[in-house]
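Report on the structure
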Amino acid sequence: MTGKRYLDYSSFIKSTFGERVQKISIDIGFSCPNRDGSKGFGGCTYCNNNTFNPDYCISTKSIKKQLEEGINRFSKKYKTQNYLAYFQAYTNTYSDLESLKSMYEEALNVPKVVGLVIGTRPDCISEETIDYLSFLSKKYFISLEFGVESTINRTLENVNRCHTFEETKTAYNLCKNKGFHLGAHLILGLPGENKEELLNHAIEISKLPITTLKLHHLQIVKQSIMASQYKRNPENFNLFTSENYIDFIAEFIELLRPDIIIERFVSEAPLDLLIAPKWHFKNFEIVAKIDKKILEKNTWQGKYYKQ
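Cut-offs used in this document
Residues numbered from 1 in each chain as written. Predicted model: local features only at pLDDT ≥ 70, side-chain atom pairs only at ≥ 80, totals over all residues. Heavy atoms only, no water. Patch = residues over 30% accessible without salt bridge, like charges linked within 9 Å, V, L, I, M, F, W, Y side chains within 5 Å. Areas by Shrake-Rupley, 256 points an atom, 1.4 Å probe, with all protein chains shown as cover. Salt bridge = Lys/Arg side-chain N within 4 Å of Asp/Glu carboxyl O. Lys, Arg positive; Asp, Glu negative; His and termini not counted. Charge placed at Lys NZ, Arg CZ, Asp CG, Glu CD. Helix = DSSP H or I, 4+ residues; strand = E, 2+ residues; numbered from the N terminus. Axes fitted to C-alpha atoms, helices over the stretch in contact; angles between N-to-C directions. Parallel < 35°, antiparallel > 145°, perpendicular 65-115°, else oblique. Left-handed = near helix turned anticlockwise from the far one by under 90°. Contact = heavy atoms within 4.5 Å. Nonpolar A, V, L, I, M, F, W, Y, C, P; charged D, E, K, R; others polar. Pairing = 2+ DSSP bridges. Buried < 20%, exposed > 50% of the residue type's maximum accessible area, 1.4 Å probe, protein only.

Glancing now at a negative patch on the surface. A contiguous patch of negative charge on the surface is contributed by Asp-96, Glu-127, Glu-128 and Asp-131. With respect to the element layout, Glu-127 can be found in helix 4 (residues 127–136).

Interaxial distance between helix 9 (residues 242–255) and helix 10 (residues 283–296) falls to 9 Å at its minimum, and their mutual angle equals 55°. In terms of axis orientation, helix 9 runs oblique to helix 10. Two packed elements cross with a definite hand, and for helix 9 against helix 10 that hand is right-handed. Contacts from Ser-242, Ile-246, Asp-247, Ile-249, Ala-250 and Ile-253 in helix 9 reach Ile-286, Lys-289, Ile-290, Lys-293 and Ile-294 in helix 10. Among the residues forming the contact of helix 9 with helix 10, the class breakdown is seven nonpolar, one polar and three charged.

Turning next to the sheet that holds strand 2 (residues 82–87). Overall, parallel pairing links the seven strands, which are arranged 1-2-3-4-5-6-8 in an open sheet. Among the strands making up the open sheet, the edge pair consists of strand 1 (21–26) and strand 8 (261–264). Strand after strand, the sheet turns through a mean of 25° between neighbouring axes, direction not considered. Two strands pair when backbone bridges link them, and strand 3 (residues 113–120) and strand 4 (residues 141–149) are joined in this way by six bridges, in the parallel orientation. The residue bridging Thr-120 from the neighbouring strand is Phe-146, located in strand 4. The strands that helix 7 (residues 195–205) touches are strand 4, strand 5 (181–188) and strand 6 (212–217); relative to strand 5, the one it contacts most, it runs at about 170°.

A complete count under the given rule lists 18 salt bridges for this structure. Of the charged contacts in the structure, one is a salt bridge between Lys-39 and Glu-167, with a shortest N-O distance of 3.5 Å. Highlighted residues: Lys-39 in the loop between strand 1 and helix 2 (63–75) and Glu-167 in helix 6 (residues 165–175), separated in sequence by 128 residues. The partly exposed category is assigned to Glu-167, whose relative accessible area is 30%. As a salt-bridge pair, Lys-297 and Glu-254 come within 3.5 Å of each other at their nearest N and O atoms.

Take the pairing of strand 1 next. Among the six residues that make up strand 1, six are buried, leaving the element largely enclosed by the rest of the structure. Here strand 1 shows a buried face lined by Val-21, Lys-23 and Ser-25 and a second buried face lined by Gln-22, Ile-24 and Ile-26. As paired elements, strand 1 and strand 2 share six bridges and run parallel to each other. Bridging across to strand 2, Ile-24 finds its partner in Ala-85.

Rendered as C-alpha cells:
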C-alpha cells in the first residue's frame, strides 16, 4: 500500500520505470463493431470520443506525427521523461494482425516511446494478436485495456455494447499470464443499475486477472445517443452528485481486490460537451475529497474483499 489507502497508478508507474512516464493519446481512425454494422449501428449510447481526444490527436495525422506533437507539448512541462503511446479512440485491435503490427511498431519506433497502452473491446481480440502483444511485452511495457463498462448483461444491451459480460470474462482468460498488463474500464451509474448492483461491480471486477482499473461516473455528453434519451426521459437517469459519488467510491474500494491499481477515480468531459452532471470541481479536487473521505471512514481498499 502507498501513503494512500489504495493502490494508485502514479506509484505503480514510478515503481515500474523509476521515473515519471507520460501517456500520449493517439487516434488512428478505427471504428467499432457496434458502429460499422458488423454487430450493430450507432455505437455505445453514451459515447462521443471527442470528450477525451486532445487537439493534436487527429486520425488524419500519422501515428509518428501525433506522438511527436504530444511529446513536444509535454516535454515543455517535464524535461526528462519517457512516453507510452496510448491507442485510445474507439477499438484499437479491430483490424488484421499485419495492420496492427505496422501501427504498433510505428509508435514504438518514435524516440522515448517505451511502450503501448491499447484500448479495445473484449469481443475484438484474437489469439494471434494476443501472441504478438506477448512477444512485444518481452521488450516493451504493454498494457491492454478492455472497456467492461458494466458487469450486467441487461445494461450492456441497453447501452448498445453488443457484447456480454461472459465475453468479457472469456477475453481476460485468453489474455492472462501472457506477459502484458491487463486493464479494465467501468462506468458507474449507467441507467437501471441500483446501488447494490453498482457495488457488485467491484466484486465481479475483482475476479478478473486485471492489473489496473479506471472508474468514472456516467456523464451525458452532447452528440451522443444518450443525450437525446436524457432530454426525452431524464427520470430514467440517476446521475451521481459529487457528494454521493465520493461516498460511493469509499464503499466501492472496500470490496475491491487489494492488489488492483486504481488508475482513475473520475474523469470529467470538456465543459463545452458536458450536459450533466456538472460538478464544478477539477478532477484532482474530487480525488482529494475521496482521499479525505476514506481517511474519515478509517477504511481502505480491500477491507471487505472476499477471495
